[in-house]
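Coordinates in review
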There are 2 protein chains.
Amino acid sequence: MKIVVDIYGADNSPGALVEGCVRAQKGMPALELVMTGNEVEIRSEIKKYGGDASRIEIVDAPEVVTNDESPTMAIRQKKNSSLVRALEILKTRDDVGGMLSSGSTGAVLSGAIFKVGRLDGVLRPALAPLLPTANGSNVCLVDCGANVDCRPEFLVQFALMGVSYMRTMYGIENPRVGLVSVGVEDHKGNELTKEVFTRLKALPINFVGNMEARYALTGDYDVLVADGFVGNTLLKSTEGTASMVMKLLKDAILSSTSAKIGALFMKSAFKKLKHDMDYNTLGGAPFLGIEKVIVKGHGSSNAVAVEAAIKQVAKMAEGNLPANILQELKKLEAAGANA
Amino acid sequence: MKIVVDIYGADNSPGALVEGCVRAQKGMPALELVMTGNEVEIRSEIKKYGGDASRIEIVDAPEVVTNDESPTMAIRQKKNSSLVRALEILKTRDDVGGMLSSGSTGAVLSGAIFKVGRLDGVLRPALAPLLPTANGSNVCLVDCGANVDCRPEFLVQFALMGVSYMRTMYGIENPRVGLVSVGVEDHKGNELTKEVFTRLKALPINFVGNMEARYALTGDYDVLVADGFVGNTLLKSTEGTASMVMKLLKDAILSSTSAKIGALFMKSAFKKLKHDMDYNTLGGAPFLGIEKVIVKGHGSSNAVAVEAAIKQVAKMAEGNLPANILQELKKLEAAGANA
């Protein structure tokens, strides 16, 4: 199984991308990589980080898709960009099972849909990052921004795709699904979520019910379903709040000599805290509902994040996630809920 | 100026409510209170906490509206409840300028609309709690759950009401307004926020533009505008994440002896951190757009939170917030934006 990695378009391209690939190589002796981007630069980076060049194929693609341009235009026009070449390789080559890009989110999503294609029956592919929880488990949030205007049937599919993802990745047989809402009671919600609630209730999945965003990170759920606007708000406010608390903590430490001394004793504890909250170790956000496995890495990914994301792509591809999603979506026909 | 306080319906009723009132009395020599609820119990609590009974009028109302019942039914049927009596007093008495209730949110909101009434021209009153930020300032989030299905014109009014609130409460002449969206770029958003963006741009207010939830608590905004579903998600995920980080920090401390020692030195720093993040000191959530001042306190309010909320009600009432909101809404007619 080969994985294609778009080496450009990220904040730390090409260095962190190639370094992350080399790290992944070391832990995975069977890993074969295809890298797209500036061949000369990539070759030099592989050497720099001591990568095994015999397991890396480089496809020269000098253009770069940036965050500043129109995603659809970029996909159409920059045919020789690292992203478009990676998408084409993923689409056309049977030996390539998955792809990682840490470039422009919009371009990766449009490219995935237009160049690779949706799985049969999928209405809207969705971005589904993992979030760390208070009990050490991870929860998958679908959708976190690919679809900002949703119909009920989209969210129902998000739930099934999330279930399939968590089962494939973590072997959780019946992932606990929560619907992001304004209260836990069955009748709480807006027009969209009330309809989704009824439909999810009718499906043979482990639907726990409505969930308040307050409980998103308790570890009581495996999959959280939301329209992309709400999911994005939830995800980003989680990140923003964690940063704010850490800043306030730092301020509090710096404001007192006694606290500064205390902080020295707590160095390892702070390190643990930072690690527990580190999104980098969780990989990237899979784009569920595409014919092949695609993961969107953080634009600011470091080598550790890239390594984690490559492992994630490999696991999704080896577990045959697209086929599992197709299988899971059949529950809709059976339930007649997606008429 | 008198303030009516619904003493029942909260988790810590009647004790924390009366204690909070007494604390507020002590700092505000001119404060006159009307309390609604079980007269005998209230009288005994006032004595217990050393309140000045000469400045407290008690209106006996033995019924209690709970969180478990239908808000509209409760408002209609429990005529002798502490909440309904408080609302009637607020509506009918000119000497009463504001009200605090920490009971059922749904019942307080329905009651405010049906018993007290919307300000002329207000389409949807909105809940607007303050959140603490990383730089010590506060940001007002409108709406955080009163309206889960919104039209663009609702959010435009939320912005103006938020502006009026922050000006009245903190003397900020031109509050910085952000629209909660999925990115900071002008074109980002869903159908609703894109339309709201255009309308806010056309108004003579300090509209900064789209804001990602990641930056909600940086202190760069005074007013955040969102539909109630999104605002609720933002608010609650903020609370949930802060709790999770504190729990992970605690776990990290308990996992090492050195960290435990360090934590002793950091006691005051942790105390400061807890204080900086404490919602209790920020009062409750005002319900903006009602003919008179109404604040909804947290259901789990302690005496400190009640005291803060009473001060907040007093400031809003003395600053004549309802009249200011009416004034601010005139900008809509001038701009022709609310056709």
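Described in the following lines is the structure provided in the data block. Here the structure is a predicted model, which means the values were calculated and not measured.

For chain A, the count of helices and strands is twelve helices and twelve strands. In terms of C-alpha radius of gyration, chain A reaches 21 Å, essentially the compact-globule figure of 20 Å for 339 residues. With respect to the principal axes defined by its C-alpha atoms, chain A has extents near 60 × 60 × 35 Å. Across the 339 residues of chain A, 59% fall into the buried class. Expressed as a percentage of contacts within chain A between residues at least 6 apart in sequence, the contacts between residues at least 24 apart total 73%. Summed over all atoms, the accessible surface of chain A reaches about 13,100 Å², with 51% contributed by carbon and sulfur. Positive and negative side-chain charges in chain A, numbering 38 and 38 respectively, have mean positions lying 3 Å apart.

Quick look at the relation of the copies chain A and chain B now. After a rotation of 180° and a shift along the axis of 0.0 Å, chain A superposes on chain B with an RMSD of 0.0 Å. Both copies of the chain, as the preceding transformation shows, are related through a two-fold rotation axis. Ranked by how close their C-alpha atoms come to the rotation axis, the residues of chain A are headed by A:Gly262, at 1.9 Å. Mapped onto chain B, 100% of the interface residues of chain A are again interface residues, and the two copies thus contact each other with one and the same surface.

Moving on, we come to helix H7 (residues 191–201) of chain A. For H7(A), the full list of buried residues reads A:Leu192, A:Thr193, A:Val196, A:Phe197, A:Arg199 and A:Leu200. Structurally, H7(A) contributes buried residues whose contacts are with helix H6 (152–170), strand E8 (177–181) and strand E9 (207–212) of chain A together with helix H8 (228–254) of chain B.

Our focus in this paragraph is the sheet that holds strand E4 (residues 96–101) of chain B. All names here are of chain B. The strand order across the open sheet built from seven strands is E3-E2-E1-E4-E12-E11-E5, with neighbouring strands paired in mixed fashion. Looking at the sheet topology across the chains shown, the edges are occupied by strand E3 (56–60) and strand E5 (126–127). Sheet strands touched by helix H2 (residues 39–48): strand E2 (32–37) and E3. Its angle to E3, the strand with the most contacts, is close to 155°. Sheet strands touched by helix H6 (residues 152–170): E5 and strand E11 (285–288). Its angle to E11, the strand with the most contacts, is close to 125°.

Let us now look at the interface of chain A and chain B. Across the contact, 54 residues belong to chain A and 54 residues belong to chain B. Approximately 4,600 Å² of surface area, both sides summed, lies buried where chain A meets chain B, with 72% of it carried by carbon and sulfur atoms. Ranking the residues of chain A by area buried against chain B places A:Arg214, A:Phe229 and A:Lys236 at the top, with a combined share of 14%. Counting across the interface, chain A meets chain B through four salt bridges. Between B:Lys236 and A:Glu212 there is a salt bridge; the shortest N-O distance is 2.2 Å. Applying the counting criterion to the chain A and chain B interface returns twelve residue pairs in polar contact (both at pLDDT 80 or more). Of the residues in the side of chain A that touches chain B, the class split is 27 nonpolar, 17 polar and ten charged.

Residues and elements named next belong to chain A. Tallied over the entire structure, the rule returns seven cavities of 30 Å³ or more. Of the voids in this model, the largest cavity is the one considered here, and its volume is about 60 Å³. If you trace the largest cavity, you find it lined by Leu-119, Phe-287, Leu-288, Gly-289, Ile-290, Lys-292, Val-293, Ile-294, Met-316, Leu-321, Pro-322 and Ile-325. The element contributing the most residues to the lining of the largest cavity is helix H12 (residues 321–335), with three residues. A class-by-class count of the residues in the lining of the largest cavity yields ten nonpolar, one polar and one charged.

With that settled, the discussion passes to the pattern of salt bridges. Residues and elements named next belong to chain A. Enumeration over the complete set of coordinates arrives at 50 salt bridges over all chains. Of the charged contacts, one joins Glu-57 and Lys-2 as a salt bridge, the two residues approaching to 3.8 Å between their closest N and O atoms. With Glu-57 in strand E3 (residues 56–60) and Lys-2 in strand E1 (residues 2–6), this pair connects stretches of sequence that are 55 residues apart. For Glu-57, a relative accessible area of 28% gives the class partly exposed. In this structure, the salt-bridge partner of Arg-167 is Glu-328, at a minimum N-O distance of 2.9 Å. One end of the pair, Arg-167, is in helix H6; the other, Glu-328, is in helix H12, and 161 residues separate them in sequence. Bridged by salt links that share partners, the residues Lys-2, Glu-57, Arg-93 and Asp-95 form one connected network.

Let us look at the sheet that holds strand E7 (residues 138–142) of chain B. Think of a sheet as strands paired side by side through backbone hydrogen bonds, with each pair either parallel or antiparallel. All names here are of chain B. What the five strands build is an open sheet, ordered E6-E7-E10-E8-E9; its pairing is mixed. Of all the strands in the sheet, just strand E6 (130–132) and strand E9 (207–212) have a single pairing partner and so form its edges. The mean inter-strand angle of the sheet, taken between neighbouring strand axes irrespective of direction, is 30°. Relative to E7, E6 is paired through three bridges, and the arrangement is antiparallel. Paired with Leu-131 across the two strands is Val-139, which belongs to E7.

This part takes up the state of the cysteines. Throughout the structure, instances matching the rule amount to zero disulfides over all chains. Not engaged in a disulfide, the cysteine B:Cys140 finds its nearest cysteine sulfur in B:Cys144; these two sulfurs lie 9.3 Å apart.

We now examine a nonpolar patch on the surface. On the surface, A:Ile261, A:Leu264, A:Phe265, B:Ile261, B:Leu264 and B:Phe265 cluster together to form a nonpolar patch covering roughly 550 Å² of accessible area. Note that A:Ile261 resides in helix H9 (residues 257–265). What makes A:Ile261 partly exposed here is its relative accessible area of 37%.

Here the focus is helix H5 (residues 105–116) of chain A. All names here are of chain A. Here H5 spans 15 Å end to end across twelve residues, near enough to the 16 Å set by a 1.5 Å rise per residue. Where H5 is concerned, the buried positions are Ala-107, Val-108, Leu-109, Ser-110, Gly-111, Ala-112 and Val-116. Contact partners of the buried residues in H5: helix H3 (71–77), helix H4 (82–92), strand E4 (96–101), strand E5 (126–127), strand E11 (285–288) and strand E12 (293–296). At the C-terminal side of H5, Gly-117 shows a positive phi close to 105°.

A word on the environment of A:Ile113. Residue and element names in this part refer to chain A. Position of Ile-113 relative to the elements: it lies in helix H5. On the basis of relative accessibility, which here comes to 28%, the residue Ile-113 falls in the partly exposed class. Look past the residues within four positions of Ile-113 in its chain and what remains in contact with it is Arg-118, Pro-125, Phe-287 and Ile-290.

It is worth spelling out the packing of aromatic side chains at this point. Going through the model one piece at a time under the given rule, you end up with two aromatic pairs over all chains. A centroid spacing of 5.4 Å and a plane angle of 70° characterise the contact between B:Phe197 and B:Phe207, whose relative ring orientation is edge-to-face. Remark: B:Phe207 occurs in strand E9 and B:Phe197 occurs in helix H7 (residues 191–201); sequence separation between them is ten residues. The class of B:Phe197 is buried, set by a relative accessible area of 8%. Its relative accessible area of 10% is what places B:Phe207 among the buried residues. When the ring centre of A:Tyr170 is taken as origin, the NZ or CZ atom of A:Lys315, which lies over that ring, is 5.9 Å away.

Cut-offs applied
Residues numbered from 1 in each chain as written. Chains lettered and ligands numbered in written order. Predicted model: local features only at pLDDT ≥ 70, side-chain atom pairs only at ≥ 80, totals over all residues. Heavy atoms only, no water. Helix = DSSP H or I, 4+ residues; strand = E, 2+ residues; numbered from the N terminus. Rg over C-alpha atoms; globule rule 2.2 N^0.38 Å. Buried < 20%, exposed > 50% of the residue type's maximum accessible area, 1.4 Å probe, protein only. Contact = heavy atoms within 4.5 Å. Areas by Shrake-Rupley, 256 points an atom, 1.4 Å probe, with all protein chains shown as cover. Lys, Arg positive; Asp, Glu negative; His and termini not counted. Charge placed at Lys NZ, Arg CZ, Asp CG, Glu CD. Least-squares fit on C-alpha atoms with pLDDT ≥ 70 in both. Pairing = 2+ DSSP bridges. Axes fitted to C-alpha atoms, helices over the stretch in contact; angles between N-to-C directions. Buried area = accessible area lost by both parts, 1.4 Å probe. Salt bridge = Lys/Arg side-chain N within 4 Å of Asp/Glu carboxyl O. Polar contact = N/O pair within 3.5 Å; in protein donor to acceptor, adjacent residues only side chain to side chain. Nonpolar A, V, L, I, M, F, W, Y, C, P; charged D, E, K, R; others polar. 1 Å grid on protein atoms, 1.4 Å probe; cavity = no way out; pocket = protein on both sides within 12 Å on 5 of 7 lines; lining within 4 Å. Points joined across faces, edges and corners; volume = space filled by probe spheres on them. Disulfide = S-S within 2.5 Å. Patch = residues over 30% accessible without salt bridge, like charges linked within 9 Å, V, L, I, M, F, W, Y side chains within 5 Å. Expected span 1.5 Å × (residues − 1). Phe/Tyr/Trp six-rings, centres within 6.5 Å; stacked < 30°, edge-to-face > 60°. Lys NZ or Arg CZ within 6 Å of the ring centre and 35° of its normal.

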